[in-house]
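# Per-entry structural report
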Amino acid sequence: MTSLGEQVTTETPPDTAAAVSLRGLRKMFGEVAAVDGVDLDLAEGEFFSMLGPSGSGKTTVLRMIAGFEAPTAGRILLGGVDVTERPPYARDVNTVFQDYALFPHMSVQQNVEYGLRVKGVDRRSRRTRALEALETVRLEGFGDRRPSQLSGGQRQRVALARALVNRPKLLLLDEPLGALDLKLRREMQLELKALQRDVGITFVFVTHDQEEALTMSDRIAVFNGGRIEQLAGPAELYEHPASAFVAGFVGTSNLLEGDVASAILGTPGLFTVRPEKIDMHTRTADAVPGSCTATGVVREVVYLGSATQTVVDLDAGGSLIVLQQNQQGSVQDKLALRGAQVRLSWRREHTVEIGGSA
Ligand code: ADP
Ligand code: MG
């Protein structure tokens, strides 16, 4: 695949040759631990996301994998080979950034060919491979345009083609959809996921958008303060958050803790229940046997189009958010609930102990 002398084997067990392995990775900027001890193994062909708030260390991890930043401590292995001391060009990795960084004075075709030209690939192969890459991102026929003649989404695709043309084993993407508007962003999420499946390249995708991470990823590492707070598949992460931070960052947290948990659930501790699992009834409705129930007063009702979000202040203290699909009932009726006394109920198994075992 490349001329780096790495052996390409087809059937290497994932535990001996993970696409990426990080071992005790740390990065200090002065006194700040931007990355504070990260251990990871990514499987070949995996769509892996690093999700976390701004400043949690995602970009720094990515830059260390690419070789743009040297770790303060720890090792980086690609396909089982320790590349920690290697410069970026000697790693079989490409990076796509949020700001694309296309050359404005070059055509789309020239932009895509650029990396190959630098590597000394001959003209004919360059052309063929660039056309191929443009086809992969569905931009055939756009080769002669300038970047300024493209939409944001098309420019993002050129940036992708420019990375794919090198046929890397690993593609690093740092908030690549961050500059797009919401609708286009959703479209590109699905496209990018499909493209990754087709080309079979391992993707490491950085985002601060939890919905984006849930939509696209095979697995997600949630970052907080330079560490991985939880590493799991999307459903596991959402259904069984390992900490209050994860519960709050991935979805709406809806925490019940301490005395409130004791009053409602009969046991102290830290629990979460997702908003869409909760039913809302009038106060006088009978409690459903076997389910958890809590009474309260509606503080706020927000109409979201397909759903309605209600914030309920609980009599026991604290509050819960309830999300109901707008399948039936009028919007007016729902909005009129503000100030109403209600009873919330949900099935016992939807109360998830945070940090508890699944
Ligand atoms: P994220 O991508 O999750 O937003 P970053 O990896 O960019 O986070 O940053 C992690 C932390 O490291 C932040 O506190 C940031 O200010 C700091 N940081 C990142 N790059 C540098 C740098 N070149 N010099 C000093 N501090 C940096
Ligand atoms: Mg970043």
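An unreviewed UniProt entry annotates the protein as ABC transporter ATP-binding protein originating from Kribbella pittospori.

Next up on the list: the overall build of the protein. The number of helices and strands found in the protein is 10 helices and 18 strands. With respect to the three principal axes, the spread of C-alpha positions in the protein is 80 × 45 × 40 Å. A total of 358 residues make up the protein; the buried ones form 45% of that total. In the protein, 65% of the contacts between residues at least 6 apart in sequence involve partners at least 24 apart. Here the protein has roughly 17,400 Å² of accessible surface; of this, 49% comes from carbon and sulfur atoms.

For the structure shown, the criterion picks out 4 cavities of 30 Å³ or more. The space that makes up the largest cavity amounts to roughly 120 Å³. For the lining of the largest cavity, the per-class residue count stands at 4 nonpolar, 2 polar and 5 charged. In this structure, the second largest cavity spans a volume of roughly 50 Å³. Residues that form the lining of the second largest cavity fall into these classes: 3 nonpolar, 2 polar and 3 charged.

Turning our attention to the side chain of Arg126. Considering the arrangement of structural elements, one finds Arg126 in helix H3 (residues 123–136). Arg126 gets classed as buried once you look at its relative accessible area, which sits at 13%. Engagement of the side chain of Arg126 in a polar contact is seen with the side chain of Glu113, the distance being 3.3 Å. Each residue touching Arg126, except ones within four places of it in the same chain, is listed here: Glu113, Leu116, Arg117 and Val121.

What counts, and where the lines are drawn
Residues numbered from 1 in each chain as written. Chains lettered and ligands numbered in written order. Predicted model: local features only at pLDDT ≥ 70, side-chain atom pairs only at ≥ 80, totals over all residues. Heavy atoms only, no water. Helix = DSSP H or I, 4+ residues; strand = E, 2+ residues; numbered from the N terminus. Buried < 20%, exposed > 50% of the residue type's maximum accessible area, 1.4 Å probe, protein only. Contact = heavy atoms within 4.5 Å. Areas by Shrake-Rupley, 256 points an atom, 1.4 Å probe, with all protein chains shown as cover. 1 Å grid on protein atoms, 1.4 Å probe; cavity = no way out; pocket = protein on both sides within 12 Å on 5 of 7 lines; lining within 4 Å. Points joined across faces, edges and corners; volume = space filled by probe spheres on them. Nonpolar A, V, L, I, M, F, W, Y, C, P; charged D, E, K, R; others polar. Polar contact = N/O pair within 3.5 Å; in protein donor to acceptor, adjacent residues only side chain to side chain.

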